[in-house]
Amino acid sequence: MSGALFLGWRYLVFHQLKTAILVASITLMLFLPAATRVLVNDSAAALTSRADQTPLVVGASGSPLELVLSSLYFHAEQPPELPFASFVELRDTGWAEAIPLNTRFHSRGSPIVGTSLKYFSFRDLDLAQGRLMGMLGECVIGANVAARESVGVGDSLVSSPETVFDIAGVYPLKMTITGVLESNGSADDDAIFVDFKTSWVIQGLGHGHQDLAQPAAAAGVLNRKDGLVTANASVVQYAEITPENVAQFHFHGATGDFPLSSVIVVPPDDKSGALLRGRYQDNNQGMQMIVPSSVLNDLLDTVFTVQNYIILGLAILSLATIAVITLVFLLSQQLRKGEFHTLSRIGASRAYVATLIASEIGFVFIGSLLLATGLTFAVRQYALQILQSFLSL
Amino acid sequence: MIELRDIDFRYPVIGGFGIHIPRLSIPAGECVAVVGPSGSGKTTLLGLLAGILASARGATVINDTDLAVLDDGQRRRFRIEHVGQVFQAFELLHYLSVIENVMLPHYIHAAGADRKDVHQRALQLLSDVGLGLKAGSRPGELSQGEQQRVAVCRAMLNQPALLLADEPTGNLDQANKQNVVDLLLDQAQRNHSTLLMVTHDQSLLGSFSTVLDIQSVLTVTTGQGAKAA
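Residues numbered from 1 in each chain as written. Chains lettered and ligands numbered in written order. Predicted model: local features only at pLDDT ≥ 70, side-chain atom pairs only at ≥ 80, totals over all residues. Heavy atoms only, no water.

Things to note about the overall build of chain B
Here is step 1: A count of helices and strands for chain B gives 7 helices and 11 strands.
Here is step 2: Out of the 229 residues in chain B, the part that is buried amounts to 54%.
Here is step 3: Intrachain contacts of chain B at a sequence separation of at least 6 include 71% that bridge at least 24 residues.
Here is step 4: For chain B, the exposed surface amounts to about 9,700 Å²; the carbon and sulfur share of it is 49%. (Helix = DSSP H or I, 4+ residues; strand = E, 2+ residues; numbered from the N terminus. Buried < 20%, exposed > 50% of the residue type's maximum accessible area, 1.4 Å probe, protein only. Contact = heavy atoms within 4.5 Å. Areas by Shrake-Rupley, 256 points an atom, 1.4 Å probe, with all protein chains shown as cover.)

Brief notes about helix α1 (residues 2–14) of chain A
Here is step 1: Its 13 residues place the ends of α1 of chain A 18 Å apart at the C-alpha level, agreeing with the 18 Å of an ideal helix rising 1.5 Å per residue.
Here is step 2: Those residues of α1 of chain A not exposed but buried are Gly-3, Ala-4, Phe-6, Leu-7, Gly-8, Arg-10, Tyr-11 and Leu-12 of chain A. (Expected span 1.5 Å × (residues − 1).)

Digging into the pattern of salt bridges
Residue and element names in this part refer to chain B.
Here is step 1: All chains considered together, the criterion is met by 22 salt bridges over all chains.
Here is step 2: The partner of Arg-75 in a salt bridge is Asp-72, with the nearest N and O atoms 3.6 Å apart. Of this pair, Arg-75 and Asp-72 are both found in helix α2 (residues 72–82), 3 residues apart, which corresponds to roughly one turn of the helix.
Here is step 3: Classification of Arg-75 as buried rests on a relative accessible area of 11%.
Here is step 4: Its salt-bridge partner being Arg-190, residue Asp-128 comes within 3.0 Å of it at the nearest N-O pair. Here Asp-128 is found in helix α5 (residues 115–128), whereas its partner Arg-190 is found in helix α7 (residues 174–191), with 62 residues between them in sequence. (Salt bridge = Lys/Arg side-chain N within 4 Å of Asp/Glu carboxyl O.)

What to know about the side chain of Gln-307 of chain A
All names here are of chain A.
Here is step 1: In this fold, Gln-307 is placed in helix α9 (residues 292–335).
Here is step 2: Here Gln-307 falls in the buried class, since its relative accessible area comes to 3%.
Here is step 3: Polar contacts involving the side chain of Gln-307 include one to the side chain of Asn-308, which spans 3.5 Å. (Polar contact = N/O pair within 3.5 Å; in protein donor to acceptor, adjacent residues only side chain to side chain.)

As for unusual backbone geometry
Residue and element names in this part refer to chain B.
Here is step 1: Even without being glycine, Asp-6 reaches a positive phi, approximately 50°.
Here is step 2: Of note, the phi angle at Glu-91 is positive, near 55°, even though the residue is not glycine.
Here is step 3: Structurally, the position occupied by Glu-91 is in the loop between β6 (83–86) and α3 (98–102).

Comments concerning the packing of helix α3 (residues 64–73) of chain A against α9 of chain A
Residue and element names in this part refer to chain A.
Here is step 1: Relative orientation of the contacting elements α3 and α9 amounts to 115°, with a least axis distance of 10 Å. The element α3 and its partner α9 pack so that their crossing is left-handed. Side by side, α3 and α9 meet where Pro-64, Leu-65, Val-68, Leu-72 and Tyr-73 of the first sit next to Pro-292, Val-295, Leu-296 and Leu-299 of the second.
Here is step 2: Its residues assigned to classes, the contact of α3 with α9 shows 9 nonpolar, no polar and no charged. (Axes fitted to C-alpha atoms, helices over the stretch in contact; angles between N-to-C directions. Left-handed = near helix turned anticlockwise from the far one by under 90°. Nonpolar A, V, L, I, M, F, W, Y, C, P; charged D, E, K, R; others polar.)

Quick word on the packing of aromatic side chains
Here is step 1: If you walk through the whole model with that rule in mind, you get 15 aromatic pairs over all chains.
Here is step 2: Aromatic side chains Phe-6 of chain A and Tyr-107 of chain B sit 4.6 Å apart centroid to centroid with 35° between the ring planes, which places their arrangement in the tilted category. Here Tyr-107 of chain B lies in helix α4 (residues 104–108) and Phe-6 of chain A lies in helix α1, a pairing that spans two chains.
Here is step 3: Of the residues examined, Tyr-107 of chain B reaches a relative accessible area of 5% and is grouped as buried.
Here is step 4: A centroid spacing of 6.2 Å and a plane angle of 40° characterise the contact between Tyr-11 of chain B and Phe-17 of chain B, whose relative ring orientation is tilted.
Here is step 5: An aromatic cluster of three or more residues is present, and its members are Phe-84, Phe-87, Phe-196, Trp-200 and Phe-258 of chain A.
Here is step 6: Between Arg-345 of chain A and the ring centre of Phe-87 of chain B, over which it is positioned, the NZ or CZ distance is 4.1 Å. (Phe/Tyr/Trp six-rings, centres within 6.5 Å; stacked < 30°, edge-to-face > 60°. Lys NZ or Arg CZ within 6 Å of the ring centre and 35° of its normal.)

Some words on the sheet that holds strand β3 (residues 31–35) of chain B
The pairing of strands in a sheet happens through backbone hydrogen bonds and is either parallel or antiparallel.
All names here are of chain B.
Here is step 1: Pairing within the open sheet is parallel, and its 5 strands lie in the order β6-β7-β8-β3-β9. Each edge of the sheet is formed by a strand with only one pairing partner; in this case those strands are β6 and β9 (210–213). In this sheet, adjacent strand axes meet at a mean angle of 20° when their direction is disregarded.
Here is step 2: The strands that α2 touches are β6 and β7 (162–166); relative to β6, the one it contacts most, it runs at about 75°. (Pairing = 2+ DSSP bridges.)

A look at the nonpolar core
Here is step 1: Core analysis: the biggest nonpolar cluster contains 66 residues, and Leu-7 and Leu-343 of chain A together with Leu-104, Leu-126 and Leu-184 of chain B have the highest contact counts within it.
Here is step 2: With sequence-adjacent residues up to four places away left out, Leu-7 of chain A is seen in contact with Leu-343, Tyr-352 and Leu-356 of chain A together with Tyr-95, Leu-96, Leu-104 and Tyr-107 of chain B.
Here is step 3: If you look at the next biggest cluster of nonpolar residues, it comprises 30 residues, including Ile-19, Ile-21, Val-34 and Leu-162 of chain B. (Core = buried A, V, L, I, M, F, W, Y, C linked by side-chain atoms within 4.5 Å.)

Topic: the side chain of Asp-201 of chain B
All names here are of chain B.
Here is step 1: Inspection of the secondary structure puts Asp-201 in the loop between β8 (194–198) and β9.
Here is step 2: Within the structure, the side chain of Asp-201 is placed 3.2 Å from the side chain of Lys-177, a separation counted as a polar contact.
Here is step 3: Discounting residues that sit within four places of it in the chain, Asp-201 has contacts with Gln-174 and Lys-177.

Considerations on the interface of chain A and chain B
Here is step 1: Taken together, the contact between chain A and chain B spans 21 residues of the former and 19 residues of the latter.
Here is step 2: Interface area for chain A against chain B, summed over the two sides, is near 1,900 Å², with a carbon-plus-sulfur share of 60%.
Here is step 3: One can count 2 salt bridges joining chain A with chain B.
Here is step 4: Taking the shortest distance from any N to any O, the salt bridge between Glu-100 of chain B and Arg-10 of chain A comes out at 3.1 Å. (Buried area = accessible area lost by both parts, 1.4 Å probe.)

Observations concerning the pairing of strand β15 (residues 262–266) of chain A
Residues and elements named next belong to chain A.
Here is step 1: Counting buried positions over the 5 residues of β15 gives 5, a clear majority of the element.
Here is step 2: Taking every second residue as pointing to the same face, both faces of β15 are buried, with Ser-262, Ile-264 and Val-266 on one and Val-263 and Val-265 on the other.
Here is step 3: Alignment of strand β1 (residues 56–60) against β15, held across 3 bridges, turns out to be antiparallel. Its bridge partner lying in β15, Val-57 is registered against Ile-264.
Here is step 4: Here 5 bridges tie strand β3 (residues 97–107) to β15, and the two strands are oriented antiparallel to one another. Bridge pairing links Pro-100 to Val-263 in β15.

Re the packing of α1 of chain A against helix α11 (residues 350–381) of chain A
Residues and elements named next belong to chain A.
Here is step 1: Put simply, α1 and α11 touch, their axes get as near as 8 Å, and they point 50° apart. When the axes of α1 and α11 are compared, the pair comes out oblique. Two packed elements cross with a definite hand, and for α1 against α11 that hand is right-handed. Across the interface between the two elements, Gly-3, Ala-4, Leu-5, Leu-7, Gly-8, Trp-9, Tyr-11 and Leu-12 from α1 touch Tyr-352, Thr-355, Leu-356, Ser-359, Glu-360, Phe-363 and Val-364 from α11.
Here is step 2: Each residue belonging to the contact of α1 with α11 can be placed in one class, and the counts come to 10 nonpolar, 4 polar and 1 charged. (Parallel < 35°, antiparallel > 145°, perpendicular 65-115°, else oblique.)

Some words on the pairing of β6 of chain B
Residue and element names in this part refer to chain B.
Here is step 1: Taking every second residue as pointing to the same face, both faces of β6 are buried, with Val-83 and Gln-85 on one and Gly-84 and Val-86 on the other.
Here is step 2: Summarising the sheet, β6 and β7 pair through 4 bridges and their orientation is parallel. Across the sheet, Val-86 pairs through a bridge with Ala-165, a residue of β7.

Given below as structure tokens:
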């Protein structure tokens, strides 16, 4: 019967276009429901896994989902800003460890995450090379950023302006890379981490320039009055923080008013967590404290409902596809009656002809199944990135 | 030696066409042209000899094997091992190459033969008929004369004891007709095969050692009645 398989294979190879259309149709029929399920389930697992590791998040009042996506994945629209004083107040309660986050800025599409060193131990992030940032202007990058930008320790990245028309606003800051993180398959792989004060420098709240008290900067002085020195436009502003000029960097205004995107809150026990949540419920002062896993579960309930409707729709489409394929197949057999008659006259049995037909069906289905499985695995590989790209739209 | 004795055959439809052959003997290695008007039973005779049709009564003996006592599966096996057939419309498979078409009997029933050896034999047959260089072509790329030569090679692959050709020149021009007949006769002689070729073309009869008028050996029966041939 291997001859029948050979003939079946040769028939399919000869009718490449017809075979390709059949395989594509059946592949889609198998792939779409499987991919939908895998995409949703794996994404849900990845989302909830990171959310489960993040006990509480504090942010300004607004969309809880936006706050979670910003704090955990650095990809959503920016939530309303939170004053730094809120972080200080939270930290000083002593009920929890507080980790500041400022996720407003980007560098060539990669989010710049202003945070503290506690973030790295909280997320169990290990360095593949280099060290953590130790000075203003230094950064640690995720594995994907290093690969995408082909950069490593000692290289630098420049923050992107928020808009191309932002001439008078945020200056690009050249950041020196001091470390590259090991990949852990999370949003951290795609982020650039800086100290939260560096993110304020990027925002223009802190800056560095020539010391106007020095004679070398005399040309940059507009006037001096009562110990107050006013600079003119010719004063040299630093676009990069180096050990030589770091002392010239300073912040204007009250630090307590400086912005953060959110604060990750890690209470040592359930009681501390409950106390904190009660405090924010009673007196929220324009802020909210959320449990990320609860917020994501609400989202996932909706996603699963939509998934069920999609799969139902695909099942109906699959039935229609099967009906059309069956019709095409039966018509094809009708057209091949002469060929089967010839085989029979030469000496082929009915079982042989049946094997020939079955082998053609088998090859098409096996090919489709392999293709659908491969595509589903590919989707599984990139499930989180795909979902993130959807969410950031 | 081919021998048919007291054959009664009728197609299994109400009032269907049938034939009766009291006795027919053809010596082994004979090249026979079978002639007769349309509807006289020529194709039915070939069907009985190939074991495609089974008679309800009588004996169809080919080289000591009585097809009448074989079941369908055994007749198929006998056919593919001992009978080569050439059809009027060539009946090559369009999706196979020329050499794969010649090897078709092997793909249907390998009978333990080594595929390389069969491939070599198929190639030799094609070279013998001048198509060695077209072994990889598709049938659709060949002329009609070339396609019929491929069909002859396919029939000869298993070096059959009996070669049956049902109007193999029906779709060919005059030059190709004689070429195909010469080829059939040559291949039959090389393999010591018995050749029965049905034809309506009187100009080809001179090439055969025997001309068999079908009406002289069988009686056609239709429905309940019978008409004398």
